[in-house]
Amino acid sequence: MLSFRMELPCLCLLLLSCLQSLSATHDFYTSIGQMTDLLYTEKDLVTSLKDYIRVEENKLERVKRWADKLDLLSAAAIQDPEGYLGHPVNAFKLMKRLNTEWGELESLVLSDTAEGFISNLTIQRQHFPTDEDQTGAAKALLRLQDTYRLDADTISTGDLPGVKHKIQMTVEDCYELGKIAYSDVDYYHTELWMAQALKQLDRGEESTIDKVTLLDYLSYSIYQQGEIERALDYTKQLLALDPEHQRAKGNLKYFEFQLEKLKKAEEDPTQKEKERGKRETKEKKEKPTKKFSAPQVPERKKYEMLCRGEGIRMTPRRQSRLFCRYYDNNRNPMYVLAPVKQQDEWDRPYIVRFIDIMSDQEMERVKQLAKPRLRRATISNPITGVLETASYRISKSAWLTGYEDPMIDTINQRIEDLTGLEMDTAEELQVANYGVGGQYEPHFDFGRKDEPDAFKELGTGNRIATWLFYMSDVAAGGATVFPDVGAAVYPQKGTAVFWYNLFPSGEGDYSTRHAACPVLVGNKWVSNKWIHERGQEWRRPCSLNETE
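Residues numbered from 1 in each chain as written. Predicted model: local features only at pLDDT ≥ 70, side-chain atom pairs only at ≥ 80, totals over all residues. Heavy atoms only, no water.

**Q** Please explain the overall build of the protein chain as it appears in this structure.
**A** Secondary structure assignment for the protein chain yields 17 helices and 17 strands. Relative to its full complement of 548 residues, the protein chain shows a buried share of 44%. Considering only residue pairs separated by 6 or more positions, the protein chain has 74% of its internal contacts joining residues 24 or more positions apart. Surface exposure of the protein chain reaches about 31600 Å², of which carbon and sulfur atoms provide 54%. (Helix = DSSP H or I, 4+ residues; strand = E, 2+ residues; numbered from the N terminus. Buried < 20%, exposed > 50% of the residue type's maximum accessible area, 1.4 Å probe, protein only. Contact = heavy atoms within 4.5 Å. Areas by Shrake-Rupley, 256 points an atom, 1.4 Å probe, with all protein chains shown as cover.)

Spelled out as structure tokens, the structure:
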């Protein structure tokens, strides 16, 4: 007699600590460090899924053996039904099979072996990324594409500088990117990624997305960019594949009508004269008042150029004035016998880098302390003063004090010894981890004159200086750039950069406007100390000259 008893293995469940860690966070895409938890979550799910598959295969194997056995039995019995049933044992076994064993088989087939896996999946889904995370990660790819001038094919093939784990995008991935751009009324990127998906289909890649769908998006996005002739061409390609496509049939007529209208307007001499008059009037209005004024490069363009390693170059003469040295800050007792390595990064504003200033042990400890506290980084609204998230700051941050670990006090004291500035009025150590394409667009660290209440609650005055630790190397991207002066400082693990935000007079140094370039490849960890005016009266005396 065949036994249908089946033992279900215990399905793997997530560790409670992992669940608590994930449940405390949102906006996964804004921190690579916290996204690593998701990899462990997915690994646990795969283990659970494999357990479920093994149980299902075991069940199907039992059913298959039962079916094969009955197949042979039935084939022999059908040859001579009366003779077969003339044997009393065969008659008994037939009654028993139909009355009992087929019922057991039914119970086996209907048994729910997926319960354990579904239970595990349901628990973990509460801590999965959301639509906002998926959209945020997609927009990060588009941002990287623009900032670093990458074509869609380079990103799709995963051929990025410094990559260790190369992976390719599927047609579905490209289509999803195009759809997110389309829903954001970004027709430029819609065209790029729908065209990439189409290219991969033409190369023979198998996909559930068909050419008709891609051509539909392509024709409309190109039309929205004002290229009616190209839109018409793609519409014709679509109709060649699907002659009954209603929207394409309507678009074909509309595009042809628009092209005909443009053609007639070009041939009409009266219309030509009107257009020429409009252009001349526009040119007169836009004519610059200063004849020899140099064209102004938009800040956004300068920022992106610096991120790519382009832009302003320091003259050899200025560069020759930059040095590296062993530094003890006027024979500070802590550094007389073991001075630190210091190098000049830029002259105006004066930016210096301290080499090997933070040990691996310290960096790992700071990350360990910060990780559970990481929350989406915020900016201060210049009008309301309220802290809020912003699309131009993609990172998570945490604040650490000496109460968490004595090591934080040690780090703060080190900053004081090397800068000569008072740390009691400084802000706590802020730790930041950047997300997918993580960035912080151009900003000032200090409060401007139109922000008189920027740091009023702290009661410690303006931010006089910034100290920035780099706690990881970054394979590509992630530089700190100063668009107004052309400086670019690249992350180097274990180093720190320092600059003054205010002149000794207390006036803001507007050349310190800076930005964190998008991280192209890698995981960027930094920590910074914003040092305030109060307490520095005797350490950095005020000057009567506004620019000194």
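**Q** For this particular structure, what's the right way to read empty space enclosed by the protein?
**A** Under the definition given, this model contains one cavity of 30 Å³ or more. The space that makes up the largest cavity amounts to roughly 230 Å³. Tallied by class, residues from the lining of the largest cavity come to nine nonpolar, seven polar and three charged. (1 Å grid on protein atoms, 1.4 Å probe; cavity = no way out; pocket = protein on both sides within 12 Å on 5 of 7 lines; lining within 4 Å. Points joined across faces, edges and corners; volume = space filled by probe spheres on them. Nonpolar A, V, L, I, M, F, W, Y, C, P; charged D, E, K, R; others polar.)

**Q** Which parts of the structure should I look at to understand the pattern of salt bridges?
**A** Between side chains of opposite charge, a pair can form when the charged atoms approach closely. Overall, the coordinates contain 32 salt bridges when judged by the stated rule. In this structure, Arg308 and Glu310 form a salt bridge, with 3.2 Å as the shortest nitrogen-oxygen distance. Measuring nitrogen to oxygen at the nearest pair gives 2.9 Å for the salt bridge that ties Lys341 to Asp356. Taken together, the residues span a long stretch of sequence, with Lys341 in strand 2 (residues 340-346) and Asp356 in the loop between strand 3 (351-355) and helix 16 (360-370) at a distance of 15 residues. Residue classification places Asp356 among the exposed residues on the basis of a relative accessible area of 54%. Here the salt bridges share partners, and the residues they tie into one network are Glu191, Glu227 and Arg230. (Salt bridge = Lys/Arg side-chain N within 4 Å of Asp/Glu carboxyl O.)

**Q** When you look at the packing of helix 16 against helix 17 (residues 406-419) in this model, what are you seeing that I'm missing?
**A** For any two helices packed against each other, the geometry is given by the interaxial angle and the distance between the axes. Axis separation between helix 16 and helix 17 bottoms out at 11 Å; the angle between their running directions is 120°. The orientation of helix 16 relative to helix 17 falls into the category oblique. Two packed elements cross with a definite hand, and for helix 16 against helix 17 that hand is left-handed. In this structure, helix 16 uses Glu362, Arg365, Val366 and Leu369 to contact helix 17, whose residues at the interface are Met407, Ile408, Ile411 and Arg414. Split by residue class, the contact of helix 16 with helix 17 holds five nonpolar, no polar and three charged. (Axes fitted to C-alpha atoms, helices over the stretch in contact; angles between N-to-C directions. Parallel < 35°, antiparallel > 145°, perpendicular 65-115°, else oblique. Left-handed = near helix turned anticlockwise from the far one by under 90°.)

**Q** I tried to follow the sheet that holds strand 7 (residues 395-400) on my own but got confused; where do I start?
**A** In a beta sheet, neighbouring strands pair by backbone hydrogen bonds and run either parallel or antiparallel. If you walk across this open sheet you meet the nine strands as 1-2-3-14-10-17-8-7-4, and the pairing is antiparallel. One side of each edge strand has no neighbouring strand; the edge strands of this open sheet are strand 1 (324-327) and strand 4 (375-376). In this structure, strand 2 lies alongside strand 3, joined through five bridges in antiparallel fashion. Within strand 3, the residue paired with Gln342 across the bridge is Phe354. Its contacts with the sheet put helix 16 on strand 7, strand 8 (429-434), strand 10 (463-470) and strand 17 (525-532), and the angle it makes with strand 7 is roughly 100°. (Pairing = 2+ DSSP bridges.)

**Q** I would appreciate a short explanation of the state of the cysteines in the present structure.
**A** Here, disulfide denotes a covalent bond that connects the sulfur atoms of two cysteines. By the definition in use, this model includes one disulfide. Here Cys307 pairs with Cys517 through a disulfide, and the sulfurs are 2.0 Å apart. Looking down the S-S bond of the Cys307 and Cys517 bridge, the torsion is -90°, so its handedness is left-handed. One end of the pair, Cys307, is in helix 14 (residues 299-307); the other, Cys517, is in the loop between strand 15 (514-516) and strand 16 (519-521), and 210 residues separate them in sequence. The exposure class of Cys307 is buried, given its relative accessible area of 6%. The buried category is assigned to Cys517, whose relative accessible area is 1%. (Disulfide = S-S within 2.5 Å.)

**Q** Just to check I follow, could you spell out the packing of aromatic side chains for this structure?
**A** Geometry of an aromatic ring pair is reported as the spacing of the ring centres plus the angle between the planes. Applying the stated criterion to the full structure yields 21 aromatic pairs. Here Trp66 and Trp102 contribute two aromatic rings whose centre-to-centre distance is 6.3 Å and whose plane-to-plane angle is 70°, an arrangement assigned as edge-to-face. With a gap of 36 residues between them, Trp66 in helix 2 (residues 32-79) and Trp102 in helix 4 (residues 88-110) connect regions that are remote in the sequence. Classification of Trp102 as partly exposed rests on a relative accessible area of 41%. Summarising the aromatic geometry, the rings of Trp399 and Trp530 are spaced 6.3 Å apart at their centres and angled 50° between planes, so their arrangement reads as tilted. Highlighted residues: Trp399 in strand 7 and Trp530 in strand 17, separated in sequence by 131 residues. Among the residues examined, Trp399 registers a relative accessible area of 39% and is labelled partly exposed. Using a relative accessible area of 10% as the deciding quantity, one classes Trp530 as buried. Through pairs of rings, three or more aromatic residues link up here, namely Tyr175, Tyr182, Tyr187, Tyr217, Tyr220, Tyr223, Tyr254 and Phe255. The side chain of Lys396 reaches across the aromatic face of Phe28, ending 5.9 Å from its centre. Positioned above the aromatic ring of Trp530, the side-chain terminus of Arg463 is 3.6 Å from the ring centre. (Phe/Tyr/Trp six-rings, centres within 6.5 Å; stacked < 30°, edge-to-face > 60°. Lys NZ or Arg CZ within 6 Å of the ring centre and 35° of its normal.)

**Q** Help me understand helix 14 in this model?
**A** Because the α-helix completes a turn every 3.6 residues, residues three or four places apart line up on one side. Of the residues making up helix 14, those classed as buried are Tyr303, Glu304, Leu306 and Cys307. Projected onto a plane normal to the axis of helix 14, the buried residues spread over an arc of 160° and lie on a single side. At its buried positions, helix 14 is contacted by helix 6 (131-147), strand 9 (440-443), strand 12 (480-482), strand 13 (487-489) and strand 15. Following helix 14 by one or two positions, Gly309 adopts a phi angle in the positive range, close to 85°. (Arc of directions from axis to C-beta.)

**Q** In this structure, what is going on with the sheet that holds strand 12? I would like to understand it.
**A** Taken together, four strands build an open sheet; the order of strands is 9-15-12-13 and the sheet is antiparallel. Each end of this open sheet is capped by a strand with a single partner; those strands are strand 9 and strand 13. Each strand axis lies, on average, 15° off the axis of its neighbour in the sheet, ignoring direction.

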